[in-house]
Amino acid sequence: MRTKTWTLRLDLFEEGDLTWVHAVLDTGDNRLESRTDAHRNPHDPPAPEIGDEYAAGRALVDLGNQLLRASTTDADANEPPVQG
């Protein structure tokens, strides 16, 4: 059995109508980073938790896409050579 722990860190910053996130996923073998943001519609009432959710959600989606690209690259590199 193999057990690993991956560490995810989300740092959220807010200033006025802008929330931005710096996300770091450390797998022990690789480190992936994402920087995303969310802008509040000026016609909406302030609700900081919504900006946090949008910005963090976007960062997590970006990290997921990065993981999928990395796994595709790694799988391709792991294929046995074609005999011809």
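Counting of residues starts from 1 at the beginning of each chain's written sequence and follows it residue by residue. Reporting in this predicted model follows two pLDDT cut-offs: at least 70 for local features of residues, and 80 or more for side-chain atom pairs to be given and counted; totals over whole chains, interfaces and linings ignore these cut-offs and use all residues. Where side-chain values are given, they derive from all heavy atoms of the structure, hydrogens and water being excluded.

### Comments concerning the layout of surface pockets
Put simply, the test is: In this analysis a 1.4 Å probe is tested at points of a 1 Å grid over the protein atoms alone, and where it fits but cannot get out there is a cavity; an open set with protein on both sides within 12 Å along at least five of seven lines is a pocket; lining residues have an atom within 4 Å of a point. Grid points are joined across faces, edges and corners, and a volume is the space filled by probe spheres set on the points. Helix and strand definitions here come from DSSP, where helices need a minimum of 4 consecutive H or I residues and strands a minimum of 2 consecutive E residues; each element is numbered from the N-terminal end. Under the grouping applied here, Gly and all other residues not named as nonpolar or charged are polar, the nonpolar ones being Ala, Val, Leu, Ile, Met, Phe, Trp, Tyr, Cys and Pro and the charged ones Asp, Glu, Lys and Arg.
Here the largest pocket defines a volume of roughly 290 Å³. Broken down by secondary-structure element, the contributors of at least two residues to the lining of the largest pocket are β2 (18-26), β3 (31-39) and α1 (48-78). With 5 residues, α1 is the largest single contributor of residues to the lining of the largest pocket. Partitioning the lining of the largest pocket into residue classes produces 8 nonpolar, 5 polar and 5 charged. As for the second largest pocket, its lining consists of R2, K4, W6, T27, D29, N30, L32, L67, A70, S71 and D74. A per-element tally of the lining of the second largest pocket places α1 first, with 4 residues. Tallied by class, the residues present in the lining of the second largest pocket amount to 4 nonpolar, 3 polar and 4 charged.

### Brief notes about the pairing of β3
Note on strand geometry: in a regular strand, side chains alternate between the two faces of the sheet. Formally: Think of it in three bands: residues with accessible area under 20% of the maximum for their type are buried, residues over 50% are exposed, and the middle band is partly exposed, with areas taken using a 1.4 Å probe on protein chains only. Think of it this way: DSSP has to see at least two bridges between two strands before they count as a pair.
Judged by which residues are buried, β3 turns out to be one-sided: L32, S34, T36 and A38 face inward and are buried, whereas R31, E33, R35, D37 and H39, on the alternate face, are not. Pairing of β2 with β3 involves 9 bridges; the strand directions are antiparallel. In the strand pairing of β3, A23 is matched with S34. The turn linking β2 back onto β3 is made up of 4 residues, and G28 within it adopts a positive phi angle of 90°.

### Topic: the nonpolar core
Filter applied, for reference: Nonpolar cores were defined as sets of buried Ala, Val, Leu, Ile, Met, Phe, Trp, Tyr and Cys residues, with membership established by side-chain atoms within 4.5 Å. What makes two residues a contact is simply this: any of their non-hydrogen atoms within 4.5 Å.
Among the nonpolar cores identified, the biggest contains 9 residues, and these are V21, A23, L25, L32, A38, A55, A56, A59 and L63. Those elements that provide at least two residues to this core are β2, β3 and α1. Per-element accounting of this core gives the leading share, 4 residues, to α1. The contacts of A59, once residues within four sequence positions are left out, are V21, A23, S34 and T36.

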